[in-house]
Amino acid sequence: KNEVEQSPQNLTAQEGEFITINCSYSVGISALHWLQQHPGGGIVSLFMLSSGKKKHGRLIATINIQEKHSSLHITASHPRDSAVYICAPSSGGGADGLTFGKGTHLIIQP
Amino acid sequence: GAVVSQHPSWVICKSGTSVKIECRSLDFQATTMFWYRQFPKQSLMLMATSNEGSKATYEQGVEKDKFLINHASLTLSTLTVTSAHPEDSSFYICSARGYSDTQYFGPGTRLTVL
């Protein structure tokens, strides 16, 4: 079973700040998802990555497979970024059911 | 991007009744669909994986006779909670995967069993 640790669990920051959320896992994987869950519960897949770095708008995700660690960064944070961010590694090429971290609850204050 | 819908978005039922939740991929063919459950303030947990035309694979601890999954077509999977009890109250989310490795999530169904 893959143990997934996210930090911090809760983060409150001011608008414009650079945000970093970290994820560590215990079992080697082939891919990892970063998900965003809004207060109503809906989930959006932000990234799936298996190596290196991906960027989409103000979001950047990095992964180090050897160190079993991934980070999600948000540049120029905005109140609409407030959500729960969830790290979810997959051991089956990204296609298997995921193991989820407990999530990081992010609040961006204006 | 790919869209996955779920219906209903919320449901309240009496203990002992059965509830069916639909998960549809609207603009792509989903060869695999996943069903997850999330209790308040907890992580999502995988319940089962279903491939079109095959029997679902259930995770350990998930009763297959209680949570019936049917993936009859490449765009539709259903989860039926049979003889629901208050402890089944939860947020149920499906995701669908087509021919890429990306999973697309539905908006979720909040089930409350009285």
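Our structure is the block above this text.
As a starting point, this report considers the structure included with it. Just so it is clear, the model here is predicted, and its values are computed rather than measured. (Residues numbered from 1 in each chain as written. Chains lettered and ligands numbered in written order. Predicted model: local features only at pLDDT ≥ 70, side-chain atom pairs only at ≥ 80, totals over all residues. Heavy atoms only, no water.)

Some details on the pattern of salt bridges
Filter applied, for reference: The term salt bridge refers to a pairing of a side-chain nitrogen on Lys or Arg with a carboxyl oxygen on Asp or Glu at a separation within 4 Å. Counting from the N terminus, the helices are the DSSP runs of H or I reaching at least four residues and the strands are the DSSP runs of E reaching at least two. Partly exposed describes any residue whose relative accessible area lies between the buried limit of under 20% and the exposed limit of over 50%, with all areas from a 1.4 Å probe on protein chains only and scaled to the type maximum.
Throughout the structure, instances matching the rule amount to three salt bridges over all chains. The salt bridge partner of A:Asp81 is A:Arg58, with a shortest N-O separation of 2.8 Å. Of this pair, A:Asp81 sits in the loop between strand E8 (69–74) and strand E9 (83–90) while A:Arg58 sits in the loop between strand E6 (52–56) and strand E7 (59–64), and the two are 23 residues apart along the sequence. Given a relative accessible area of 7%, A:Asp81 falls into the buried group. For B:Arg24, the salt bridge identified is with B:Glu22, shortest N-O distance 3.4 Å. Judged by its relative accessible area of 33%, B:Arg24 falls in the partly exposed class. With relative accessibility at 23%, the residue B:Glu22 sits in the partly exposed group.

Some thoughts on the sheet that holds strand E2 (residues 10–14) of chain A
Adjacent strands of a sheet form backbone hydrogen bonds with each other and so pair up, either parallel or antiparallel. All names here are of chain A. Heads up, the rule is: DSSP calls a pair of strands paired once it identifies at least 2 bridges connecting them. Under this scheme, a helix contributes an axis fitted over its contacting stretch, all axes are lines through C-alpha atoms, and angles between N-to-C directions fall in the 0 to 180 degree range.
Here we have five strands laid out as an open sheet, ordered E2-E10-E9-E4-E5, and mixed in their pairing. Each edge of the open sheet is held by one strand with a lone partner, namely E2 and strand E5 (43–49). Taken pair by pair, the neighbouring strands of this sheet meet at an average axis angle of 25°, ignoring direction. As paired strands, E2 and strand E10 (residues 104–109) are joined by five bridges and run parallel to one another.

Quick word on the interface of chain A and chain B
The cut-off we apply is this: In what follows, residue pairs with any heavy atoms lying within 4.5 Å of each other are defined as contacts. Within 3.5 Å is the distance limit for a polar contact, defined as a pair of N or O atoms, with the added protein rule that one can donate a hydrogen and the other accept it, and that residues adjacent in sequence qualify only through two side-chain atoms. All residues other than Ala, Val, Leu, Ile, Met, Phe, Trp, Tyr, Cys, Pro, Asp, Glu, Lys and Arg, Gly among them, are scored as polar; the first ten of these are nonpolar and the last four charged.
In this complex, chain A contributes 19 residues to the contact, which on the side of chain B involves 16 residues. Counting the contacts that link chain A with chain B gives zero salt bridges. Where chain A packs against chain B, one counts three residue pairs in polar contact (both at pLDDT 80 or more). At the level of secondary structure, the elements contributing two or more residues to the side of chain A that touches chain B comprise strand E4 (31–37) and E5 of chain A. Broken down by class, the residue content of the side of chain A that touches chain B amounts to seven nonpolar, ten polar and two charged.

As for the nonpolar core
We count it as follows: Put simply, buried Ala, Val, Leu, Ile, Met, Phe, Trp, Tyr and Cys residues joined by side-chain atoms within 4.5 Å make one nonpolar core.
By size, the foremost hydrophobic cluster in this structure holds 24 residues, and its most contacted members are B:Trp35, B:Met47, B:Phe67, B:Leu79, B:Tyr92 and B:Leu111. For this core, the elements supplying multiple residues, two or more each, are strand E2 (10–13), strand E3 (19–25), strand E4 (32–38), strand E5 (44–51), strand E7 (67–73), strand E8 (76–81), strand E9 (90–97) and strand E11 (109–113) of chain B. What B:Met47 contacts, discounting residues up to four positions off in sequence, is B:Trp35, B:Tyr36, B:Arg37, B:Thr57, B:Tyr58, B:Glu59, B:Val62, B:Phe67 and B:Tyr92. Counting residues in hydrophobic clusters, the runner-up holds 22 residues, among them A:Ala13, A:Ala61, A:Leu72 and A:Ile108.

Quick look at the sheet that holds strand E1 (residues 4–7) of chain A
Residues and elements named next belong to chain A. Spatial ordering of the open sheet is given by E1-E3-E8-E7-E6, a layout of five strands whose pairing is antiparallel. At either end of the open sheet lies a strand with only one pairing partner, and these are E1 and E6. Across the sheet, the mean angle from the axis of one strand to that of its neighbour is 15°, orientation sign disregarded. Across four bridges, the pairing between E1 and strand E3 (residues 19–25) is antiparallel. Among the inter-strand pairings, Val4 is bridged to a residue of E3, identified as Tyr25.

Some details on the state of the cysteines
All names here are of chain A. Convention followed: Sulfur atoms of two cysteines make up a disulfide when they are within 2.5 Å.
Per the stated rule, a full pass over the model turns up two disulfides over all chains. A disulfide bridge connects Cys23 with Cys87, and the sulfur atoms are separated by 1.8 Å. Taking the torsion about the sulfur-sulfur bond, which here is approximately -50°, the covalent link between Cys23 and Cys87 counts as left-handed. Taken together, the residues Cys23 in strand E3 and Cys87 in strand E9 connect sequence positions 64 residues apart. The same class applies to Cys23 as to Cys87, namely buried.

Thoughts on the layout of surface pockets
Filter applied, for reference: Buriedness of a pocket was judged along seven lines, with at least five required to meet protein on both sides within 12 Å; pockets are open sets of points on a 1 Å grid over the protein atoms alone, cavities are sets where a 1.4 Å probe fits but cannot get out, and lining residues have an atom within 4 Å of a point. Grid points are joined across faces, edges and corners, and a volume is the space filled by probe spheres set on the points.
By volume, the largest pocket is sized at about 1,500 Å³. Going through the elements one at a time, E1, E9 and E10 of chain A together with E4 and E5 of chain B are the ones with two or more residues in the lining of the largest pocket. For the lining of the largest pocket, the per-class residue count stands at 19 nonpolar, 20 polar and nine charged. The computed volume of the second largest pocket comes to approximately 210 Å³. A:Ile43, A:Val44, A:Ser45, A:Leu46, A:Phe47, A:Met48, B:Ala2, B:Val3, B:Val4, B:Thr102, B:Tyr104 and B:Phe105 are the residues that line the second largest pocket. Every element with two or more residues in the lining of the second largest pocket is listed here: E5 of chain A together with strand E10 (103–105) of chain B. In terms of residue count, the dominant contributor to the lining of the second largest pocket is E5(A) (six residues).

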